[in-house]
Amino acid sequence: MLTAVLDAGFNSFRLSIFQVFPNGTFRNVGSIKSFVRLGEGLKEGEPVSETKVEEAERTLAEFLKVIRKNKVDNVIAVGTSAFRFASNGQDIAGRLSKSFGYDLRIISGEDEGKFSSVGVLNTLPINDGLIFDLGGGSLELVSVKDRRIQEVKQFPLGALKMGGKPEDLIRKEIRSAVSSMNLRDNVKVYGSGGNLRAIAKMDIKAKGRMIKTVHGYHITSKVMNRYAKLLNSMGVKERAGLPGIDEGRALTVNTGAIIIDEIISSVKSTGVTVSASVLGKA
């Protein structure tokens, strides 16, 4: 059976298709994304503009073609922080559900963190640690012990939302978020999100490694700190010219690197292990 998962995020919309077998195992068939940037410039309690909604409709029309072409049996669609922040979030979800043909469900920040962590736990050998999911509009932090979720918190500290703010302010807010969690120092850190995946791809290509997937790839704290400094010193066009960084991701990857670097630093971790899983949202 084929299942498609639509993640309608603050920064990008991503459609992933999985082949799910009767025994519960699965295989990722492929995925596509579009930088809709539904939440760009959005302040909490304000409406998403008509222009952005129309762009979202065009993107979902293209995704629908992929779903039909692949004869997908099951479609799960979720909306995240942009829908939660916007005053017209529920209306947009209803409108997109109607045009897309599948119900788009707005999930809470806590559920987003839980679903993301389930995807990580099911695909990486984790016993204890901190899992984060960095999106365009929000950051979810999840503590895990003995493979069980202990605490989930969501913060409006996404890479697109925080873009343009002074680095010291970004780091201060991230430190505050991490310190609110009941964590010990030297905890292992696992992360997901487009900016982390892009940085991992850049590191793999820069080092000339023959690795086909970023899933399970480890980036040390020293390397992440170096990338945070490098990316933030460059302009968008310069970043887009780096290996593994596409034009759409270049807008947010510098802020994303600062956020990730500060998460690692705040718990004195040796680095971060990358998860490419999105199945948790199913």
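Scoring rules and cut-offs
- Note on numbering: residues in each chain are counted from 1, in written sequence order.
- With the structure being a predicted model, the display of local features is reserved for residues of pLDDT at least 70 and the display and counting of side-chain atom pairs for 80 or more, all residues being used for whole-chain, interface and lining totals.
- Processing note: side-chain calculations cover all non-hydrogen atoms of the structure and skip hydrogens and water entirely.
- For Phe, Tyr and Trp, where Trp contributes only its six-membered ring, two rings pair if their centres lie within 6.5 Å, and the inter-plane angle classes them as stacked under 30 degrees, edge-to-face over 60, or tilted in between.
- Secondary structure elements are defined from DSSP: runs of H or I of at least 4 residues count as helices, runs of E of at least 2 residues count as strands, and each element is numbered from the N terminus.
- By definition here, charges over rings are those cases where NZ of Lys or CZ of Arg is within 6 Å of the ring centre and within 35 degrees of the ring normal.
- Per-residue accessibility, obtained with a 1.4 Å probe over protein chains only, is compared with the maximum for each type, and a residue is labelled buried under 20%, exposed over 50%, and partly exposed between these values.
- For two strands to be treated as a pair, DSSP must find no fewer than two bridges joining them.
- Whether two residues are in contact is decided by their heavy atoms: any pair within 4.5 Å suffices.
- The working definition used for a salt bridge is a side-chain nitrogen of Lys or Arg within 4 Å of a carboxyl oxygen of Asp or Glu.

## Topic: the packing of aromatic side chains
According to the stated counting rule, one finds 2 aromatic pairs in the structure shown. Residues Phe10 and Phe85 carry aromatic rings whose centres are separated by 6.1 Å and whose planes lie at 75° to one another, so their mutual orientation is edge-to-face. You can see Phe10 sitting in the loop between β1 (2-8) and β2 (13-20) and its partner Phe85 sitting in helix α2 (residues 81-85), a full 75 residues away along the chain. Above the ring of Phe85, the side-chain terminus of Lys161 is found at 4.7 Å from the ring centroid.

## Re the pairing of β2
β2 sits mainly inside the fold: 6 of its 8 residues count as buried. Once β1 ends, the chain turns through 4 residues before running back antiparallel as β2. Pairing geometry for β2 and strand β3 (residues 26-34), over 8 bridges, is antiparallel. Within β3, the position partnered with Arg14 by the bridge is Lys33. Linking β2 back to β3 in an antiparallel pair, the connection comprises 5 residues, with Gly24 at a positive phi of about 95°.

## As for the side chain of Asn254
Relative to the elements of secondary structure, Asn254 occurs in helix α9 (residues 253-266). Under the relative-accessibility criterion, Asn254 is labelled buried at 10%. Contact partners of Asn254, with chain neighbours within four places excluded, come to Leu231, Asn232 and Arg239.

## Description of the pattern of salt bridges
Any two side chains of opposite charge can pair, so long as their charged atoms come close to each other. A full pass over the atoms with the stated rule returns 14 salt bridges. With a shortest N-O distance of 3.3 Å, Lys52 and Glu40 are connected by a salt bridge. Of this pair, Lys52 sits in helix α1 (residues 50-69) while Glu40 sits in the loop between β3 and α1, and the two are 12 residues apart along the sequence. When its relative accessible area of 40% is taken as the criterion, Glu40 is described as partly exposed. Each of the salt bridges in this network shares a partner with another, and the network as a whole consists of Glu167, Arg171, Arg175, Asp261 and Glu262.

Shape is all these values report; function is a separate question.
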